[in-house]
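Given next are the chains, with one letter for each unit.
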Number of protein chains: 2
Amino acid sequence: MKIENITIVGGTHGNEDTGVYLINQLGRGNLQKKWSDLNIDLLLGNPKAYQQSVRFIDRDLNRSFASSELNDLSLSGYEANRAKAICQKLGAKDAPERDLIIDIHTTTSNMGITLILADNKDYNFQLAAYIQKYIPDCYIYYIPADDYSGSSEHSFLISMAPFGLAIEVGPIANGILRHDVNKKVEKVINAALEFISKKNSGVNPVLSQSVTVFKHKKVVSFPTDNTDETHSIIHEDLQDNDYKRLKKGDLIFHTIDGISFPYNDDDEDDLYPVFINEAAYYYQNIAFSLAIKISVNTKTGLQNI
Amino acid sequence: MKIENITIVGGTHGNEDTGVYLINQLGRGNLQKKWSDLNIDLLLGNPKAYQQSVRFIDRDLNRSFASSELNDLSLSGYEANRAKAICQKLGAKDAPERDLIIDIHTTTSNMGITLILADNKDYNFQLAAYIQKYIPDCYIYYIPADDYSGSSEHSFLISMAPFGLAIEVGPIANGILRHDVNKKVEKVINAALEFISKKNSGVNPVLSQSVTVFKHKKVVSFPTDNTDETHSIIHEDLQDNDYKRLKKGDLIFHTIDGISFPYNDDDEDDLYPVFINEAAYYYQNIAFSLAIKISVNTKTGLQNI
C-alpha cells in the first residue's frame, strides 16, 4: 500500500488561524520538492468563516461530512454547500480520491499537541507513534465514531479519506498566531510526511512497541440550569488539567454564587479529561470530555488491547 | 472629596466574557450592603456584541467616547448610538454624574493584572497603589491621551468620569471564562472599593512611597507589507514577554518565509512592550505597544517624577 495523495487542511474552523497560516507557509515552501514521492494538496477549509474570524457561518464544517448530509441536496447554509465543494475536490466519501488527510486545529484547552485519530486503523496508530518519537510530549486521542456520535460513521473532515489525523494544539486563543505553536505543528506535519514517505519506500520505521492512547468515552455538560446570568464555570482545580486523571469527588464546576461542585459519576474506568473549557463548545453547553487510557501495540494494533 | 457614585462596567468589548460574568456576579451578591457608603451601579457595556461574542458590531465602543462624536447626532452604527445611551446613564462628558468608573477588560497578551490609568490624577495613582498592596504582581499602565491619540481627550469609556481605571487581565482567550481569572479581578475590584470607602471615611490608607508605572510611549505596527498570505507574526522571543525590557536588536517579528527581524529603533528611553500579540489589534496591524518605566510618588504624584 502506498499513501501518495495527501491533503493538508487549515481553517476548517475559521477562527483557528494557525492552520491557515501553515498551509500558506507550506504553499510557499519547497514541499513538493522535499516530498517528491507524495502528491500534496493544501486546502483552506472554511474561507468565509476565516474571513470573518468565526468558527463557522451556519454550522460546524467539521461536523458536516456525514454521508447522508453530503448526499442531501436540499440542505442549505454555507457549510452544507462548502462540505459538498470539498467532496468534489477530495472525492466522494465512498470513493475517496485522497489517501490521507491532515487537518490542523487549535483549542483554548491545555491539550498541548494532540493527534486525533478517528478510527482504529493500524496505519494511523503507527503514524501517530512515529510523530510521538519526535514530539515525545504529544498525546494520541482516539475518537471512535460510535462512542462519539452513536453513528457508525464520522462527520469530521478527516473521514473523507481512509487515513489521516487531526492535529489539535492548545492552549491558544482564537484569532491569534503564535510562533511557538506554528513551529510545533510544522514539526508534526514534517514527521507525518516523513513517516508516509518512508513507508512508501518500503522502510518500516522503528516504533516503540506500544503507545499510550486516550480513547474517547463521554462528554460532560455544564449543569442544565445554566443560563447566561447564572452559568457555572470550570472549577480552577480542573482548568488546564487535561489528560490528568479525574476522580470522583474532584471539583469540576463553580457557580456564579460561589458554590463548587464535584464530579459525582460512578465509572468503571479511570477517566482523563480533555477539551476542558474549549470556547467553541460553550454554545452546546459542553464543559469537557472524558477518555480512558489504553495501550496500543504498534505492530498488532488496537484489537489486541 | 467623596467618591460615592461608582459604575463598574463589563463587556465593553463583547467577546471579553470575564467582565460580563463579574458584573452579573456582583449584581447577585451583597455589594450594596457591603459598601453601604457607595452607590454602585453595574453596566453591561456592549450587550449586542456580547450576544454575538464579538468585540464590537460596527466600531470599538471603547474608542467611542470622544466629545465630538458623542455630540455628533449624524453618526450611525450600533456603538455610536450605544455610547450616547451610556452617556445618558453616566452623565454628559463635561457634566459627569458618576465619580469613578471601573471597566473590566481581558487580553490575549501576557499582561497579568494590569491597572490602566487614563490620566495623571493623584487619586487614581493612589487607588492603583492600594490595589498593588493586595496584588503585588499587578502592573500599573498609564496612558496619557496626547501620547496615545494625539488628542487632549481620551475616547475610552473610563473618560466619562473624573476618576477610574480599566482592569486588563490576560492572557485569556476571547469567549471563555476562567475561574482563576475571575478571582483575580474580583480581588482588584474589592481592593478598589475598599480604598474608595476608606478615603471617603477620612482614613488615609498606608501606601508605599512610590509605585512603578509603565507610561505609554508608542505603538509598533507589523511590517507594512503584511498581507493575509504573507504576514509576519510576533517572534517567539518577544511572545509573552510583556513588561520585559526590549532592546535594540531583539527579535520581534518572524515572516512566513522564516526570516526573523529585530527591533531597530534608536530610542532615548528604556522601553517595555505591552499588549504583545493582542488579537483585537490585528485588524489595525498593531503588533504591540511600548512604554517607559517611571516611578510615581504616591504623595506628590506624577508631576514630581
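Residues numbered from 1 in each chain as written. Chains lettered and ligands numbered in written order. Predicted model: local features only at pLDDT ≥ 70, side-chain atom pairs only at ≥ 80, totals over all residues. Heavy atoms only, no water.

Attention now goes to the packing of aromatic side chains. Scanning the entire structure with this criterion turns up 30 aromatic pairs over all chains. Ring geometry for Phe222(B) and Tyr282(B): centres 6.0 Å apart, planes at 85 degrees, overall edge-to-face. A residue pair is termed long-range when its members are at least 10 positions apart, and Phe222(B) in the loop between β9 (210-221) and β10 (233-234) and Tyr282(B) in the loop between β13 (272-274) and β14 (286-297) qualify at 60 residues. Taken together, the ring pairs connect Tyr123(A), Tyr130(A), Tyr134(A), Phe163(A) and Phe195(A) into an aromatic cluster. Residue placement shows Lys121(A) over the ring face of Phe163(A); its charged tip is 5.5 Å from the ring centre. (Phe/Tyr/Trp six-rings, centres within 6.5 Å; stacked < 30°, edge-to-face > 60°. Helix = DSSP H or I, 4+ residues; strand = E, 2+ residues; numbered from the N terminus. Lys NZ or Arg CZ within 6 Å of the ring centre and 35° of its normal.)

Glancing now at the interface of chain B and chain A. Where the parts come together, the accessible area they lose is often given as the size of the interface. Taken residue by residue, the interface counts 33 residues in chain B and 33 residues in chain A. When chain B packs against chain A, close to 3,100 Å² is buried across both sides, 52% of that on carbon and sulfur atoms. On the chain B side of the contact with chain A, Tyr21(B), Arg28(B) and His179(B) bury the most area, a combined 21% of that side's loss. For the pair chain B and chain A, the interface holds six salt bridges. For Asp257(B), the salt bridge goes to Arg28(A), with nearest N and O atoms at 2.6 Å. Inspection of the chain B/chain A interface yields 15 residue pairs in polar contact (both at pLDDT 80 or more). Put simply, the parts of the chain that give the side of chain B that touches chain A at least two residues each are α1 (17-28), α8 (179-200) and β10 of chain B. For the side of chain B that touches chain A, the per-class residue count stands at 10 nonpolar, 14 polar and nine charged. (Contact = heavy atoms within 4.5 Å. Buried area = accessible area lost by both parts, 1.4 Å probe. Salt bridge = Lys/Arg side-chain N within 4 Å of Asp/Glu carboxyl O. Polar contact = N/O pair within 3.5 Å; in protein donor to acceptor, adjacent residues only side chain to side chain. Nonpolar A, V, L, I, M, F, W, Y, C, P; charged D, E, K, R; others polar.)

What follows concerns helix α6 (residues 122-134) of chain A. The end-to-end C-alpha distance of α6(A), which contains 13 residues, comes to 19 Å, matching closely the 18 Å that a straight helix rising 1.5 Å per residue would cover. Counted residue by residue, α6(A) has 10 buried out of 13 residues, so it is predominantly covered. (Expected span 1.5 Å × (residues − 1). Buried < 20%, exposed > 50% of the residue type's maximum accessible area, 1.4 Å probe, protein only.)

Oppositely charged side chains may form a pair once their charged atoms are brought near each other. Residues and elements named next belong to chain A. Overall, the coordinates contain 30 salt bridges over all chains when judged by the stated rule. In this structure, Lys121 and Asp119 form a salt bridge, with 3.2 Å as the shortest nitrogen-oxygen distance. Its salt-bridge partner being Lys248, residue Asp266 comes within 2.9 Å of it at the nearest N-O pair. You can see Asp266 sitting in the loop between β12 (260-262) and β13 (272-274) and its partner Lys248 sitting in the loop between β10 (233-234) and β11 (251-254), a full 18 residues away along the chain. Classification of Asp266 as exposed rests on a relative accessible area of 67%. A residue is classified by how much of its surface remains accessible, and Lys248, at 48% relative accessible area, is partly exposed. The structure contains a network of salt bridges with shared partners spanning Glu16, Arg55 and Asp60.

Along the chain, His216(A) falls in strand β9 (residues 210-221). Side-chain polar atoms of His216(A) contact the side chain of Tyr141(A), separated by 2.7 Å.

Turning our attention to the relation of the copies chain B and chain A. Overlaying chain B on chain A yields an RMSD of 0.0 Å, the required transformation being a rotation through 180 degrees with an accompanying axial translation of 0.0 Å. Expressed as a symmetry operation, the mapping of one chain copy onto the other fits a two-fold axis. Every residue of chain B has its C-alpha some distance from the rotation axis, and the shortest such distance is that of Ala173(B), at 2.1 Å. Both copies share a contact surface, since 100% of the interface residues of chain B are interface residues in chain A too. (Least-squares fit on C-alpha atoms with pLDDT ≥ 70 in both.)

The next subject is the pairing of strand β14 (residues 286-297) of chain A. All names here are of chain A. Among the 12 residues of β14, nine are classified as buried, and the element is accordingly described as predominantly covered. As paired elements, β9 and β14 share 11 bridges and run antiparallel to each other. Of the residues in β14, the one forming a bridge with Lys215 is Ile292. Bridge analysis of β13 against β14 gives three bridges, and the strand direction is antiparallel. If you follow Tyr272 over to β14, its bridge partner there is Ala291. (Pairing = 2+ DSSP bridges.)

The next thing to look at is the confidence of the model for chain A. Mean pLDDT over chain A stands at 94; residues scoring 70 or higher make up 97%. Predicted as a complex, the structure gets a pTM of 0.94 and an ipTM equal to 0.93. (pLDDT = per-residue confidence, 0-100.)

Ranked by size, the top nonpolar core spans 125 residues in total, and within it Ile131(A), Ile196(A), Phe288(A), Ile131(B), Ile196(B) and Phe288(B) carry the most contacts. Discounting residues that sit within four places of it in the chain, Ile196(A) has contacts with Ile3(A), Ile6(A), Leu38(A), Leu100(A), Tyr123(A) and Leu127(A). (Core = buried A, V, L, I, M, F, W, Y, C linked by side-chain atoms within 4.5 Å.)

On to α1(B). Residue and element names in this part refer to chain B. Compared with an ideal rise of 1.5 Å per residue, which puts 12 residues at 16 Å, α1 spans 17 Å between its outermost C-alpha atoms and is within 8% of the ideal. Counted residue by residue, α1 has nine buried out of 12 residues, so it is predominantly covered. Among the residues of α1, those classed as buried are Asp17, Thr18, Gly19, Val20, Tyr21, Leu22, Ile23, Gln25 and Leu26.

Turning to the packing of helix α1 (residues 17-28) of chain A against helix α8 (residues 179-200) of chain A, a few remarks are in order. Residues and elements named next belong to chain A. Put simply, α1 and α8 touch, their axes get as near as 10 Å, and they point 60 degrees apart. Judged on the interaxial angle alone, α8 and α1 are oblique. When the axes of α1 and α8 are compared, the crossing they make is right-handed. Only Val181, Asn182, Val185, Glu186 and Ile189 of α8 make contact with α1, whose side of the interface consists of Thr18, Tyr21, Leu22, Gln25 and Leu26. Partitioned by chemical class, the residues of the contact of α1 with α8 number six nonpolar, three polar and one charged. (Axes fitted to C-alpha atoms, helices over the stretch in contact; angles between N-to-C directions. Parallel < 35°, antiparallel > 145°, perpendicular 65-115°, else oblique. Left-handed = near helix turned anticlockwise from the far one by under 90°.)

What follows deals with the sheet that holds β11(A). Residues and elements named next belong to chain A. Reading across the sheet, the three strands line up as β10-β11-β12 and stay open at both edges, with antiparallel pairing between neighbours. In the strand order of this sheet, the two ends are held by β10 and β12, each with one partner. For β11 and β12, the ladder comprises three bridges, and the chain directions are antiparallel. By the bridge assignment for β12, Phe253 is matched with Phe261.

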